[in-house]
Amino acid sequence: MNWITNYVRPRINSIFSRREMPENLWTKCDSCGTMLFHREVTDNLGVCTNCTHHMNITPRARFTALFDGGIFSEIDVPEPTQDPLHFRDQKKYPDRLRAAQRATGEKEAMLVAAGEIGRTPVVCAAQDFSFMAGSMGMYVGNAIIKAAQEAKRLKRPLILFSAAGGARMQEGILSLMQMPRTTVAIQMLREAGLPYIVVLTHPTTGGVTASYAMLGDVQIAEPNALICFAGPRVIEQTIREKLPEGFQRAEYLLEHGMLDRVTDRRQMREELTTIVRMLTGMPPAVQGDLPPPEPLPDTAIPDDK
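Residues numbered from 1 in each chain as written. Predicted model: local features only at pLDDT ≥ 70, side-chain atom pairs only at ≥ 80, totals over all residues. Heavy atoms only, no water.

Draft legend 1. Fine view of the pattern of salt bridges. Applying the stated criterion across every chain, the model contains 15 salt bridges. In this structure, Arg62 engages Glu222 in a salt bridge whose closest nitrogen and oxygen atoms are separated by 3.0 Å. You can see Arg62 sitting in helix 3 (residues 59-66) and its partner Glu222 sitting in the loop between strand 8 (218-221) and helix 8 (232-239), a full 160 residues away along the chain. Taken individually, Arg62 and Glu222 each receive the classification buried, so the pair is uniform in this respect. Here Glu150 and Lys146 are joined by a salt bridge, their closest N and O atoms 4.0 Å apart. (Salt bridge = Lys/Arg side-chain N within 4 Å of Asp/Glu carboxyl O. Helix = DSSP H or I, 4+ residues; strand = E, 2+ residues; numbered from the N terminus. Buried < 20%, exposed > 50% of the residue type's maximum accessible area, 1.4 Å probe, protein only.)

As structure tokens, then:
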């Protein structure tokens, strides 16, 4: 009985028992509600295969898809003073920061990196909306300034991907001071004759829109991205009127001259390569590599005479 109890019965139970499905295998589209397999979403760069809705992706995932071979070097950002106002709401500000760091695995809401896109050297900065809604604080300001300084030092264009709910209220006026600081950094690039390209992703709102996110030499947006200072709900409550369909969305802003392009994320790499090379006076990118020529045989050339 010991052999049956200790070996046979557990073996039978393990074969026929119901196995639990991991919770992270499926992702629900925020727009159409379709359940998508996680590998399908990853391979499609976070774009819904049913309705082409562009979901939020992390800066590292974006850079991996953007840079040649997914290879990039991260640029260190100067650390600002932690919790200068000793702010507390329902939680202490340092506790909120630590919770966001554990949830995202990132130090802060912006990542700065250097690498090549289509063999074109660039510096990139991207906001992480999953880190406290990508809010603009002193670290984000330092990151943009550092990105601009590195772009100037390396003589490379700067590409910025914005995604933010606005300024970070836990840093008060210090967060609002990042608006003029980043504006000066962008002006430094202009004086150096270096292109500054902004890709606005969903959502880009508040003080971010009122500063560095709308100062690009070329303004690109992902489809249906919300781009605004005050949100549509606030505006409707203020003016007490119904807003037009698609108001403050990327396509609406393109029609009214606020944007230059609305580009699908899956074509963004080729689009950025073309624009950067055009602005820097480089020849068009090579779309494919030809194999090296066959070596000539080491034989003497016959004399016809």
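Draft legend 2. The arrangement of the packing of aromatic side chains in detail. Applying the stated criterion across every chain, the model contains 5 aromatic pairs. Following the ring pairs from residue to residue traces out a cluster consisting of Phe63, Phe67 and Phe72. (Phe/Tyr/Trp six-rings, centres within 6.5 Å; stacked < 30°, edge-to-face > 60°.)

Draft legend 3. Up close: the confidence of the model for the chain. Put simply, the chain has an average pLDDT of 90, and 88% of its residues get 70 or more. Model confidence for the chain, summarised as mean pLDDT per element, is weakest for helix 1 (residues 2-16) at 62 and strongest for strand 8 at 98. (pLDDT = per-residue confidence, 0-100.)

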